[in-house]
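A structural walkthrough
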Amino acid sequence: IRDKATWLEFRRVLFRSDGAALGAVARHLLRHGTTSFLPTTVSAPTAQLEAALRGLGRTLSSRSYASEGPCAEPLGIHLEGPFISATCRGAHARADLLPPSIDLFDRFFHAAGGWLKIMTLAPELPGAAELQAHAQRAGVQVGIGHSDASHQQAVAAIDAGATHGIHVFNAMRGFAHREPGILGALLTDDRVMGEVIADGIHVAPAALRLLLRAKGTSRTLLVTDAVSATGMGPGRYKLGEMAIEVKPEPASGLLACRNLEGALAGSVLTQDAAVQNIMSLAGASQQDAVRMASANPAKLLGIASRKGHLTPGADADLAILDSKGQVVGAAARGRLELY
């Protein structure tokens, strides 16, 4: 997406959640080395969110997104909100947050045609434990995040089967030595993995290094948290119905995405840049950086037999990098594109 006219057309089709919109995203992601991904929602009025999930579910089932050539494969949907903390909501609109509800979850699940794979949940909210159990029985993994949970509440969610922390450090209670909170639970419990947004803005280099020391490179996942303005330059855009602005950070010059109140609202990070950043900012080796972007996410999703490895019988997914780490080609399920 290289110019504003293209972005406006992309945004127009995006809110139909149709194949053209998802295909535009999927081709852009492949260009940056991502061969599979989970489209992620943002909190929105219930009717809008339900409609978006319905459109995404139909598109995923029809595979119409793949009609224009090689593209990254969407594996399912990540429901990020509305069952999150108002205190740690980040850029999610407070008015769109809702208490955990099994009935509402079922509406979302059925609207998505069974394509929900991950749900972000704040475990301290009343009804969260019951919703977590219900979602897990439906085959949806629960990641804990956007949460002000105490250490005890976070551990209880992990005991109950929560699999990972959503963008660790961001939109969650901070660490304190007498009440280590959700962050203390995620950093010290080997049963869970931890996502991180390694864009040089969301998490400081020292915190990245702390995460790798605490979780190890086998339990850390690189995620982008990228929004629809990814690939564009500075300017004002929209995330759902929220106005956002992409502009350089004063200290670093890196492009950041914020709402008009100044809160970070996702990122414009691509996964090839995340791999390079975790190496330069946290000292990870290239092998470990690639592992955190491929094998580890596949393991979390339970699809390591076909994703995240170049082995006989697996999907032919790969990214081709030059000596500088730039993506010069990529294949998704054997469909190759050279750049």
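Look up: the structure comes first, before these words.
Note that the structure is predicted; figures quoted are calculated from it, not measured.

As a further point, take the sheet that holds strand 11 (residues 255–259). The sheet built from three strands is open, its strands ordered 9-10-11 with antiparallel pairing. Two strands bound the open sheet, and with one partner strand each, they are strand 9 (235–239) and strand 11. Neighbouring strand axes in the sheet, compared pairwise and without regard to direction, differ in orientation by 30° on average. Bridge analysis of strand 10 (residues 242–248) against strand 11 gives five bridges, and the strand direction is antiparallel. Its bridge partner being in strand 11, E245 is matched across the sheet by R258.

Enumeration according to the criterion identifies 16 salt bridges in this entry. One salt bridge connects R333 with E73, and the closest N-O pair in it is separated by 3.2 Å. Taken as a pair, R333 in the loop between strand 13 (327–332) and strand 14 (335–338) and E73 in strand 2 (residues 73–74) lie far apart in primary sequence, 260 residues in all. Look at R333 and you get partly exposed, because its relative accessible area is 43%.

The next point concerns unusual backbone geometry. Cis rather than trans, the peptide bond between G81 and P82 has omega equal to 20°. With respect to the helices and strands, the residue P82 is situated in the loop between strand 3 (77–80) and helix 4 (102–111). Located in the positive-phi region is R63, a residue other than glycine, with phi close to 60°. Residue position: R63 is located in the loop between helix 3 (46–62) and strand 2. Of the residues examined, R63 reaches a relative accessible area of 38% and is grouped as partly exposed. Positive phi, close to 55°, is recorded for D225, a residue that is not glycine. One can find D225 in the loop between strand 8 (220–223) and strand 9.

Reading the values: rules and limits
- Residues numbered from 1 in each chain as written.
- Predicted model: local features only at pLDDT ≥ 70, side-chain atom pairs only at ≥ 80, totals over all residues.
- Heavy atoms only, no water.
- Pairing = 2+ DSSP bridges.
- Helix = DSSP H or I, 4+ residues; strand = E, 2+ residues; numbered from the N terminus.
- Axes fitted to C-alpha atoms, helices over the stretch in contact; angles between N-to-C directions.
- Salt bridge = Lys/Arg side-chain N within 4 Å of Asp/Glu carboxyl O.
- Buried < 20%, exposed > 50% of the residue type's maximum accessible area, 1.4 Å probe, protein only.

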